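Results of the structural survey
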Amino acid sequence: MVIAQLGRWYDLDIAVSDASLAAETLTMSFGPQSADEALTTLAKVLDARFTRVGRSVLLIPSPVDPPHSHMEDD
């Protein structure tokens with residue numbers, strides 16, 4: 001699991017607010033980058049965002065935009 005591996009590599013406690021994020025099947029490679037760069041890349045791939053306080057990270061699904069309704073004037 002990518003999330004668990006990143007947590008080990010960067011010594012972070014990564015949690016997800018929605019189980020669907022953890023259920024995603026991913027194959028990713030990370031080069032020599034900072035923890036925040038790796039988390040930013042992961043969040044983009046998962047269509048999520050993250051918050052980080054020290055070693056604690058929370059991945060949160062990005063909000064879904066409501067469909068736009070078009071009303072025509074008569």
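Residues numbered from 1 in each chain as written. Predicted model: local features only at pLDDT ≥ 70, side-chain atom pairs only at ≥ 80, totals over all residues. Heavy atoms only, no water.

Some points on the environment of Thr41
Here Thr41 lies in helix α3 (residues 35-46). The spacing of Thr41 and Phe30 is 11 residues in sequence and 9.1 Å in space, taken between C-alpha atoms. In this structure, Thr41 is in contact with Met28 and Phe30, ignoring residues within four places of it in sequence. (Helix = DSSP H or I, 4+ residues; strand = E, 2+ residues; numbered from the N terminus. Contact = heavy atoms within 4.5 Å.)

Some thoughts on the pattern of salt bridges
For the structure shown, the criterion picks out three salt bridges. Residues Asp11 and Arg55 are paired through a salt bridge, measuring 3.2 Å at the closest nitrogen-oxygen approach. Separated by 44 residues along the polypeptide, Asp11 in the loop between α1 (2-10) and β1 (13-16) and Arg55 in the loop between β2 (48-53) and β3 (56-61) bring together distant segments of the chain. A salt bridge links Arg52 to Asp36, with the shortest nitrogen-to-oxygen separation between them at 2.9 Å. One end of the pair, Arg52, is in strand β2; the other, Asp36, is in helix α3, and 16 residues separate them in sequence. Classification of Arg52 by relative accessible area gives partly exposed; the value is 36%. (Salt bridge = Lys/Arg side-chain N within 4 Å of Asp/Glu carboxyl O. Buried < 20%, exposed > 50% of the residue type's maximum accessible area, 1.4 Å probe, protein only.)

Quick look at the packing of α1 against α3
Contact geometry for α1 and α3: axes closest at 11 Å, N-to-C directions at 170°. The orientation of α1 relative to α3 falls into the category roughly antiparallel. Contact residues: α1 offers Val2, Ile3, Leu6 and Tyr10, while α3 offers Ala35, Ala38 and Leu42. (Axes fitted to C-alpha atoms, helices over the stretch in contact; angles between N-to-C directions. Parallel < 35°, antiparallel > 145°, perpendicular 65-115°, else oblique.)

A look at the nonpolar core
Judged by nonpolar contacts, the single largest core of 16 residues is most densely connected at Leu6, Leu12, Ile14, Leu42, Leu46 and Leu59. For this core, the secondary structure elements donating two or more residues are α1, α3 and β3. It is α3 that contributes the most residues to this core, six residues altogether. Ile14 has contacts with Ile3, Leu6, Gly7, Leu39, Val57 and Leu59, leaving out every residue within four places of it along the chain. (Core = buried A, V, L, I, M, F, W, Y, C linked by side-chain atoms within 4.5 Å.)

Structural notes on the sheet that holds β1
Strand order in the open sheet formed by three strands is β1-β3-β2, and the pairing between neighbours is mixed. Pairing within the sheet leaves two strands with one partner each, and these edge strands are β1 and β2. Put simply, the sheet's adjacent strands are angled 20° from each other on average, direction ignored. Examined bridge by bridge, β1 and β3 share four bridges and lie parallel to one another. By the bridge assignment, Ile14 is partnered in β3 with Val57. Across the sheet, α3 touches β1, β2 and β3, and the angle it forms with β2 is around 150°. (Pairing = 2+ DSSP bridges.)

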